[in-house]
Amino acid sequence: MTRSLHGRRVVLAVTGSVAAYKSAALTRLLRAAGAEVDVVMTRSARRFVGDATFSGLTGRPVLRTAFGPAAAGELHVDVARRAELVIVAPATADVLARLATGRADDLVTAIALCATCPVLAAPAMHPSMWSHPATRRNAELLARDGRVTLVGPIAGEVASGDTGIGRMAEPETIAAAAASALTPRDLAGRHLVVSAGPTLEDLDPVRFLGNRSSGRMGFALAERAAARGARVTLVTGPVALATPPGVVRRDVRSALEMQAALDAALAASTGGADALLMAAAVGDYRPATTHAAKLKRSAESLTIELQPNPDLLREIARRRTGPRPVLVGFAVETGTDDEIAGYGQKKRVEKRVDVVVANPAAESFGRSDNRAVLVTAEGARWLPVLEKTVLADHILDAVVSMLGGAE
Ligand SMILES: Cc1cc2nc3c(=O)[nH]c(=O)nc-3n(C[C@H](O)[C@H](O)[C@H](O)COP(=O)(O)O)c2cc1C
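Residues numbered from 1 in each chain as written. Predicted model: local features only at pLDDT ≥ 70, side-chain atom pairs only at ≥ 80, totals over all residues.

Some thoughts on the overall build of the protein
In step 1: Of regular secondary structure, the protein possesses 14 helices and 21 strands.
In step 2: In terms of its C-alpha atoms, the protein occupies a principal-axis envelope of roughly 85 × 50 × 40 Å.
In step 3: Put simply, the protein has 407 residues, and 45% of those count as buried.
In step 4: A fraction of 70% describes how many contacts in the protein between residues 6 or more apart in sequence connect residues 24 or more apart. (Helix = DSSP H or I, 4+ residues; strand = E, 2+ residues; numbered from the N terminus. Buried ≥ 20, exposed ≤ 12 C-beta atoms within 10 Å, placed from the backbone. Contact = placed C-beta atoms within 7 Å.)

Quick word on the pairing of strand S2 (residues 36-41)
In step 1: Of all the 6 residues making up S2, 5 are buried; the element is thus mostly covered by neighbouring parts of the structure.
In step 2: The pairing of strand S1 (residues 9-14) with S2 spans 6 bridges and is classified as parallel. Bridge pairing in S2 links Val11 to Asp38.
In step 3: One crossover worth recording links S1 to the parallel S2 by way of helix H1 (residues 22-32), and it is right-handed. (Pairing = 2+ DSSP bridges. Right-handed = clockwise from strand over helix to strand, strands pointing away.)

Regarding the packing of helix H10 (residues 216-227) against helix H14 (residues 388-403)
In step 1: Running from N to C, H10 and H14 cross one another at 60°; their axes reach a closest spacing of 8 Å. Viewed along their axes, H10 and H14 adopt a mutual orientation that is oblique. Here H10 runs over H14; the crossing is right-handed. Where H10 approaches H14, its residues Arg216, Met217, Ala220, Leu221, Glu223, Arg224 and Ala225 are matched on the opposing element by Lys388, Thr389, Ala392, Asp393, Ile395 and Leu396.
In step 2: Of the residues in the contact of H10 with H14, the class split is 7 nonpolar, 1 polar and 5 charged. (Axes fitted to C-alpha atoms, helices over the stretch in contact; angles between N-to-C directions. Parallel < 35°, antiparallel > 145°, perpendicular 65-115°, else oblique. Left-handed = near helix turned anticlockwise from the far one by under 90°. Nonpolar A, V, L, I, M, F, W, Y, C, P; charged D, E, K, R; others polar.)

A word on the sheet that holds strand S19 (residues 373-376)
In step 1: Read from one edge to the other, the open sheet built from 8 strands follows the order S12-S11-S8-S13-S16-S17-S19-S20, with strand pairing classed as mixed. Two strands lie at the open edges of the sheet, namely strand S12 (247-251) and strand S20 (379-382), each paired on one side alone. The mean inter-strand angle of the sheet, taken between neighbouring strand axes irrespective of direction, is 20°.
In step 2: Bridge analysis of strand S11 (residues 231-236) against S12 gives 5 bridges, and the strand direction is parallel. Note on S12: the bridge partner recorded for Val235 is Arg250.
In step 3: Relative to strand S17 (residues 355-360), helix H13 (residues 337-351) is tilted by about 150°, and along the sheet it contacts strand S16 (326-333), S17, S19 and S20.

Here we look at the nonpolar core
In step 1: Membership of the largest hydrophobic core comes to 60 residues, with the highest contact counts inside it found for Val86, Ile87, Val88, Ile111, Ala122 and Ala178.
In step 2: Among all residues touching Ile87, those that are not within four sequence positions of it are Val10, Leu12, Ala13, Leu120, Ile174 and Ala178.
In step 3: Ala222, Val328, Val375 and Ile395 belong to the second largest nonpolar core, which has 59 residues in total. (Core = buried A, V, L, I, M, F, W, Y, C linked by C-beta atoms within 7 Å.)

Some words on the environment of Val193
In step 1: Following the sequence through the fold, Val193 ends up in strand S8 (residues 191-196).
In step 2: On the basis of neighbour count, Val193 is assigned to the buried category, with 28 C-beta atoms found within 10 Å.
In step 3: Between the C-alpha atoms of Val193 and Pro325, which are 132 residues apart in sequence, the distance is 9.2 Å.
In step 4: Not counting residues up to four positions away in its chain, the partners in contact with Val193 are Thr233, Val235, Leu262, Ala265, Leu266, Ala273 and Leu276.

A closer look at the site of the ligand
In step 1: Near the ligand you find 15 residues, and of these Thr15, Gly16, Ser17, Thr42 and Thr92 are the closest.
In step 2: In terms of residue count, helix H5 (residues 93-100) provides more of the shell around the ligand than any other element does, 3 residues in total.
In step 3: Tallied by class, the residues present in the shell around the ligand amount to 8 nonpolar, 6 polar and 1 charged. (Near = placed C-beta within 6 Å.)

Things to note about the domain arrangement of the protein
In step 1: Split into domains, the protein comes out as domain 1 (9-181) and domain 2 (191-292 + 301-403).
In step 2: Here the C-alpha centroids of domain 1 and domain 2 sit 41 Å apart. (Domains from an automatic or database assignment.)

Okay, here's the thing in structure tokens:
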């Protein structure tokens, strides 16, 4: 879940396919993400689902016709002007044909033709309709014009029980495409380096010293930065997370390996970086000796000598000669909110970084949400409990404002 849909005005146009029942689930997802949803239905769509379902989910009347008694002025113009995104889901073969040829013979197509915002369409039809040359041609026309972006269809079973390409994309996929269409590309042309996860310091071939970092914060930052158009290099310790789309991932194990990978990612010879977001939980110490063979169990107590790891962020900050890369550090702290903000500010000044994101320990590790304070030279700003992807966007907002307009 991202904040891209929060408070955004979405028009959901439902057309006459059996898949129309899935648009109720899509409406739920859009509403849960905070979107304001107006549902418009074609006459045939109303043969498949009732408008009470949609008005119940949206809290707003369903729009059916441009000519109803309630219509004042030009409804299609008003709705299209207000909309920030139009989604046609399901989109029948017939509505694709009407959209491709610029027809406006009902409220759905009139709104789509009038809209200047992004328009998504999620086709749903029998595979033989989708593979027909007429539908292929209509899909190509829409792609060529560039005003309607298709989401799906996907391969699978369709209502008749046949299988093939024609099944509507899942509501989650359509909601994600909607969020993506509303995401600003304000990091386009930037290179962001993100570190994530724990570091593991080997004691022998089977034992290590590690920490409980899940990597979720760093992965959320990488995902959102890529969604906002950045080129992203993600340097991560061992974690059980999938690489976000469009992100270049470098896997490392120890703090020293992470240091080498970060130096390579930040090197001027590889284009340098506009920002480094150091979300990894880098181990402070490593065993002074890594044993080549497994240590044998014994009845004696065992003392392990540890030696300090370099402070990776401090070293990078020390070498920085100008305002780039913007440096963002993370601090997990315990204490009252004021104490945590104070530790964050102290860390920011001492390490000579631009932003410190400080979290109360109990409200961050291993969780999908997080409460944090953003500490900059201007002061400290507490954010409410947020999903890590939403927090990531707030942190990236700070980076965007520090990078300014010019590349
Ligand atoms: C039971 C039934 C299921 C249908 N399912 C689909 C479908 O999945 N996809 C499609 O393109 N047309 C389907 N149709 C045909 C459309 O409903 C028909 O082309 C209609 O005119 C579309 O109107 P609209 O695009 O204005 O909603 C179906 C028709 C019936 C009777």
